[in-house]
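Fold and geometry: a report
Residues per chain, in single letters:
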Amino acid sequence: MDRKYLLSGVGYLLLGLLLGIHMASSKDHGQLVTHAHIMLVGFLLSVFYAICHRLWCEPGAFGPRNIQFILHQAGTLGLIVCLFLLYGGMVSGEMLGPILGVSSITVFIAAVMMKIDLVKSFKSARI
């Protein structure tokens with residue numbers, strides 16, 4: 001699981017850097033919010049999850065890890081695409097608001113699942 005998160009995190013890093021380079025070269029920073037979400041939720045949080053899995057989560061101890069990974073990826077991609085469309089002026093906020101809300105909650109649920117996984121791993125390590 002740590003490798004999945006690390007690879008997806010580096011993918012988000014490359015995407016965020018490309019968007020940052022585009023904004024700098026075009027001198028149009030209208031996608032700053034999108035760039036920040038790619039770098040923080042996509043890259044940083046994915047790499048943080050990779051580190052957690054590598055250092056603390058017991059292998060195979062928590063069944064829904066694949067679900068947590070899918071939720072994190074789906075929520076992150078939903079946020080990124082919707083923010084890109086919103087800040088690019090392609091789709092209205094009224095249309096994207098519900099999708100942004102669901103995507104944000106999805107990322108939150110994945111974070112709660114990570115917390116549960118860590119707590120279970122820490123408890124079983126003490127026995």
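These notes cover the structure that comes with them. If you're wondering where the values come from, they're calculated on a predicted model, not measured in any experiment.

How each quantity is defined
- Residues numbered from 1 in each chain as written.
- Predicted model: local features only at pLDDT ≥ 70, side-chain atom pairs only at ≥ 80, totals over all residues.
- Heavy atoms only, no water.
- Salt bridge = Lys/Arg side-chain N within 4 Å of Asp/Glu carboxyl O.
- Helix = DSSP H or I, 4+ residues; strand = E, 2+ residues; numbered from the N terminus.
- Buried < 20%, exposed > 50% of the residue type's maximum accessible area, 1.4 Å probe, protein only.
- Polar contact = N/O pair within 3.5 Å; in protein donor to acceptor, adjacent residues only side chain to side chain.
- Contact = heavy atoms within 4.5 Å.

This paragraph deals with the pattern of salt bridges. Scanning the entire structure with this criterion turns up two salt bridges. For Arg54, the salt bridge identified is with Asp2, shortest N-O distance 3.1 Å. Of this pair, Arg54 sits in helix 2 (residues 32-55) while Asp2 is found in helix 1 (residues 2-26), placing the two residues 52 residues apart along the sequence. Classification of Arg54 by relative accessible area gives exposed; the value is 59%. Across the pair Arg65 and Asp117 runs a salt bridge, and its minimum N-O distance is 2.6 Å.

Turning our eyes to something else, we now look at the side chain of Thr34. Looking at the secondary structure, you find Thr34 in helix 2. There is a polar contact of 3.4 Å between the side chain of Thr34 and the backbone nitrogen of Phe84. When neighbours within four sequence positions are excluded, Thr34 is seen to be in contact with Leu19, Ile80, Leu83, Phe84 and Tyr87.

With that out of the way, let us pick up the side chain of Ser103. With respect to the helices, strands and loops of the structure, Ser103 is situated in helix 4 (residues 93-126). Accessibility expressed as a relative area gives 6% for Ser103, which makes it buried.

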